[in-house]
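The residues making up each chain are set out below.
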Amino acid sequence: MSTDDQLRFPDGFLWGAATAAYQIEGAPQADGKGPSIWDTFSHIPGKTWHGDTGDVACDSYHRYPEDVGLLQRLGVGAYRFSLSWPRIQPDGRGQANQAGLDYYRRLVDLLLEKGITPVVTLYHWDLPQALQDKGGWATRDIADLFADYAAIAAGALGDRVHRWVTLNEPWVVATVGYRDGRHAPGIADPAQAVAANHHLLLAHGRSVAALRAASPSPAQAGITLNLAIFRPVSDAAADLAEELDARHNGAYLGPLLRGAYPERLTADYSPAKVEGLVHAGDFGVITEPVDFLGVNFYAPLYAGIRQDGEPRRGEELIGPHEVLVQPEGMPVTAMNWLVDAGAFRELLVRLRDEAAGLALYVTENGSSWYDYVTQDGTVEDYERLEYLRDHLTAVHQAIAEGTDVRGYFAWSLLDNFEWAEGYAKRFGLAYVDFGTQRRILKRSGEFYAGVVRANALPGS
Ligand code: FCB
């Protein structure tokens, strides 16, 4: 294979892997940690697959040196992980819990010692339960409380952490947490969901300012959105696809980039159309300039209309006549998510224009498959390897088309607690045997290490 066939990435491209606190740490009561909404929710019978909880997860609270060892085997230059807010402020307000901060300081120190840049997410869904008891993201006060927490984190870690992601996927928080109730806090109320949408963005803006003010060294800050490509399956579904795009992408990108919610959204989806929700000056806060935009991508969505209101096999009813469709013949992952790297390229190129001037980082991308350990003790996950190769090719193409993508973080470093899916769904580049906590780097992990080493995809 000649090296000319290789798809080389730009010099300095940041390669990484990602995780989130509740999905890997375990130790829910260690060193003064308070309960989070996920501690509560996962213990309610019927809320997660098999009743799984994050009580132990990957036990990374204790095994983090081993996990840093995995990062070294991948050879990545960066690790994206999240802080558990209730480890740092057990009730979500007031004085910091030093023991919680110390854990993250130990982790960060070890990363730096190994030459790995920490990229820290402040909020990856584990809200302190005490704040949810007062209404959580549906209340306006939370924006200031979140900024206080951001200031504590930046004050304690900002001498060695220089890159911060404020929120992970606020659409999921508002929609799956407060509209559908399939995630913690398990609320199914459109009014709370639309309020959460706005308060999350307000919290983001306030926390960017707070991070910069409190950090002892210059802090770069951004937000991570799960942006999606919606494709209509027929002409009749074209308007639906646009509507879904506005709810999913526009309700976040609009305020962040342009200081406005999409005009077409109704009051069920637009904070701007709810009396008293948006205050004067809010968009000034939300548009606080960021240093980058984090993009999480997994799969495109296909929108269709069923006049009879009857979803067919594999379809999900999302309105009286509206469905999400799985086009026949398209491959799906263990999550039932479509595999379509072309949609990823399309999304990135769209952001080149829509978020022009903003550096992009792919902060998550990956896939779940039914992995197993062979008799030789290896995990031969060729489907994940192919997904990874094809999606990295898409990133490479987007860059060639002028998109400013600065880095890529694989989801995930290791198999972990996949929220409502519990441990049934594996996304790791490393396999975790949850009975023994043994980690095994999968075939896809070996492949990724090769890409990182070469800063290039192998030629075909
Ligand atoms: C994303 C989440 C991440 C993980 C992946 C599969 O929406 O940010 O925690 O669950 O999906």
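Above this text sits the structure in question.
A few points about the overall build of the protein
Here is step 1: Along its length, the protein carries 14 helices and 16 strands.
Here is step 2: Its C-alpha atoms give the protein a radius of gyration of 21 Å, near enough to 23 Å, the size a compact globule of 460 residues would have.
Here is step 3: Considered along the principal axes of its C-alpha atoms, the protein spans approximately 60 × 55 × 45 Å.
Here is step 4: Within the protein, the proportion of its 460 residues that are buried is 58%.
Here is step 5: The long-range fraction of contacts in the protein, counting pairs at least 24 apart against all pairs at least 6 apart in sequence, stands at 75%.

Some details on the pairing of strand β5 (residues 163-168)
Here is step 1: Among the six residues of β5, five are classified as buried, and the element is accordingly described as predominantly covered.
Here is step 2: Two strands pair when backbone bridges link them, and strand β4 (residues 117-123) and β5 are joined in this way by four bridges, in the parallel orientation. Counterpart to T121 in the pairing with β5 is V165.
Here is step 3: For β5 and strand β6 (residues 220-226), the ladder comprises four bridges, and the chain directions are parallel. Bridge pairing links R163 to Q220 in β6.

As for the nonpolar core
Here is step 1: Core analysis: the largest hydrophobic core is formed by 124 residues, its most contacted members being L83, W137, W164 and Y448.
Here is step 2: Here this core gets eleven residues from one element, more than from any other, and that element is helix α7 (residues 142-157).
Here is step 3: Setting aside chain neighbours within four positions, we find L83 in contact with A21, I88, Y104, V120, T121, L122, D126, Y149, A153, L157 and W164.
Here is step 4: One finds V165, F292, Y361 and W411 within the second-largest nonpolar core, a separate group that totals 15 residues.

Cut-offs and rules
- Residues numbered from 1 in each chain as written.
- Predicted model: local features only at pLDDT ≥ 70, side-chain atom pairs only at ≥ 80, totals over all residues.
- Heavy atoms only, no water.
- Helix = DSSP H or I, 4+ residues; strand = E, 2+ residues; numbered from the N terminus.
- Rg over C-alpha atoms; globule rule 2.2 N^0.38 Å.
- Buried < 20%, exposed > 50% of the residue type's maximum accessible area, 1.4 Å probe, protein only.
- Contact = heavy atoms within 4.5 Å.
- Pairing = 2+ DSSP bridges.
- Core = buried A, V, L, I, M, F, W, Y, C linked by side-chain atoms within 4.5 Å.

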